[in-house]
Amino acid sequence: MVADVVGASAGASVVWLLVYRMPFARARTRNRVALRLGTLTGTNPDRAFALFATAWYVAFGSMAAILVARSAGIGLSGVFGTRFSAQMVPATLLAALGAMSLTSLGMGLLYTLKPGVDVPRAVSNVAWIARTLSLPTTLRAVAPMCGAMIEETFFRGVVFTGIYAVGGGVWLALAISAGLFTITQVIIAGGGLAALVFAYASVVISFFGCMLVVVFASVLPALIVHAAFAGFYTNMSVDGARP
C-alpha cells in the first residue's frame, strides 16, 4: 500500500510538472500565448500570462492532489483538519520564524563561501518569478502565495499525510514528500544558482511543514508558513535584483 501511494505521488508530481511547463517550454510559444491572453483580456501580455500561469499551476496541482488522495484513501478535505487549536497560532509563527532563520543562515553561508554570488538576481531570472515582475505590487505577493498553498496541499497535505496514513512512518513520509517537492522546484528553477537556492529552501520548508502536520493533523499551519515564506522571499528577490 505504501508503494502504491509513493508511486501515485511520484506519477502525479511528474504529470503536474510536465503540464505546468508546457506554456514555458519555448520562448516563441510563451510569447504567443502571452500576446493572445493580453488581447483577450485587454491587459499587458506579461501580466496576463503571469496570472494565467498561476491559475494553470493551481488547477493541475489540485487535480494531482485529488488523484493522490484517492490512491491513499484519504479525504482531501480531511487534510485541513476538523479542529482549531489555540496552539496553532504560536506554533505557526515559530515555524515561520524558524524557516526564515534557517534560510537566512544558509544564504549567509553561501555568501561567505562565494562573496560574488548574486542570489536575488539569479532567483529573479527564474521564468515564473520574472513574469511576476510585471504584476502590480499586491499581486506580486498573491501569485507566489497561491502557488505555495497548492504545493503545501499536495506535498504535505496529501503526499506526506497519505504515506503516513498507510503505515509509511513519519520519516519515510517526510523524505518522499520533501524529495518530490525539492526535485520539482529544482526543475522549475532551471538549474544554476537558482536551483541551489530553491533546493535548500525546499528542504527547510518541507521539514517545518511536515512537523506541523504531525503535531496538528492539519495542513493549514504549514500552508500559512509556506505562503508567507513564498510571498516574502519572492518579493525580496525581485526588489534585490533591481538596479
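Details of the structure are given in the entry above.
The model shown is predicted, which means the values in this text are computed figures rather than measured ones. Chains are numbered independently. Their residues run from 1 in the order of the written sequence. For this predicted model, a pLDDT threshold of at least 70 governs which residues receive local features, and a threshold of 80 or more governs which side-chain atom pairs are given and counted, while totals over whole chains, interfaces and linings are taken from all residues. Processing note: side-chain calculations cover all non-hydrogen atoms of the structure and skip hydrogens and water entirely.

Right, let's get into the packing of helix H1 (residues 2–21) against helix H7 (residues 137–165). To get an axis, fit a line to the C-alpha atoms, keeping to the stretch in contact for a helix; angles then go from 0 to 180 degrees between the N-to-C directions. Only DSSP runs of H or I with at least four residues qualify as helices, and only runs of E with at least two residues qualify as strands; both kinds are numbered from the N terminus onward. Direction vectors running N to C along H1 and H7 enclose 165°, while the axes themselves pass 9 Å from each other. Between H1 and H7, the crossing angle belongs to the class labelled roughly antiparallel. By crossing handedness, the relation of H1 to H7 is classed as left-handed. Here Val-2, Val-5, Val-6, Ser-9, Ala-12, Ser-13 and Trp-16 of H1 lie close against H7, whose contacting residues are Ile-150, Glu-151, Phe-154, Phe-155, Val-159, Gly-162 and Ile-163. Note that Gly is not counted as nonpolar here; it falls among the polar residues with everything else outside the nonpolar set of Ala, Val, Leu, Ile, Met, Phe, Trp, Tyr, Cys and Pro and the charged set of Asp, Glu, Lys and Arg. Split by residue class, the contact of H1 with H7 holds 10 nonpolar, three polar and one charged. For classification purposes, angles smaller than 35 degrees are called roughly parallel, those larger than 145 roughly antiparallel, those between 65 and 115 roughly perpendicular, and all remaining angles oblique. In this scheme, a crossing is called left-handed if the near helix is turned counterclockwise away from the far one by less than a right angle; it is called right-handed if the turn is clockwise. By the convention used here, residues are in contact when the closest approach between their heavy atoms is within 4.5 Å.

We now examine the pattern of salt bridges. Salt bridge, as applied in this entry: a Lys or Arg side-chain nitrogen positioned within 4 Å of an Asp or Glu carboxyl oxygen. On inspection of all chains with the given rule, the structure shows two salt bridges. As a salt-bridge pair, Asp-46 and Arg-131 come within 2.4 Å of each other at their nearest N and O atoms. Of the two residues, Asp-46 is situated in helix H3 (residues 45–72) and Arg-131 in helix H6 (residues 127–132); the sequence distance between them amounts to 85 residues. Classification of Asp-46 by relative accessible area gives partly exposed; the value is 34%. In this structure, Arg-156 and Glu-152 form a salt bridge, with 2.7 Å as the shortest nitrogen-oxygen distance. Note that Arg-156 and Glu-152 are positioned in helix H7 at a spacing of four residues, about one turn of the helix. Across the pair, Glu-152 and Arg-156 agree in class, each one buried. Under the scheme applied here, a residue whose accessible area is under 20% of the maximum for its type counts as buried, over 50% as exposed, and between as partly exposed, the area being computed with a 1.4 Å probe on protein chains only.

Attention now goes to the packing of aromatic side chains. Pairing of aromatic side chains here covers Phe, Tyr and the six-membered ring of Trp, requires ring centres within 6.5 Å, and sorts the geometry by plane angle: under 30 degrees stacked, over 60 edge-to-face, intermediate tilted. This model, assessed by the stated rule, comprises 11 aromatic pairs. Between Trp-16 and Phe-155, the aromatic rings sit 6.0 Å apart at their centres with planes inclined by 25°, giving stacked as the arrangement. With Trp-16 in helix H1 and Phe-155 in helix H7, this pair connects stretches of sequence that are 139 residues apart. Of the two residues, Trp-16 and Phe-155, neither departs from the other in class, the shared state being buried. Ring pairs connect the aromatic residues Trp-16, Tyr-20, Tyr-57, Phe-154, Phe-155 and Phe-181, which therefore count as one cluster. We count a charge as sitting over a ring when the NZ of a lysine or the CZ of an arginine lies within 6 Å of the ring centre and within 35 degrees of the ring normal. Of note, Arg-156 hangs over the ring of Phe-181, and the distance from its end group to the ring centre comes to 4.7 Å.

As for its placement among the helices and strands, Ile-150 is situated in helix H7. Among the residues examined, Ile-150 registers a relative accessible area of 8% and is labelled buried. Distance from Ile-150 to Ser-62, taken between C-alpha atoms, is 6.8 Å for residues 88 residues apart in sequence. Leave out the neighbours within four places in its chain, and Ile-150 touches Trp-16, Tyr-57, Val-58, Gly-61 and Ser-62.

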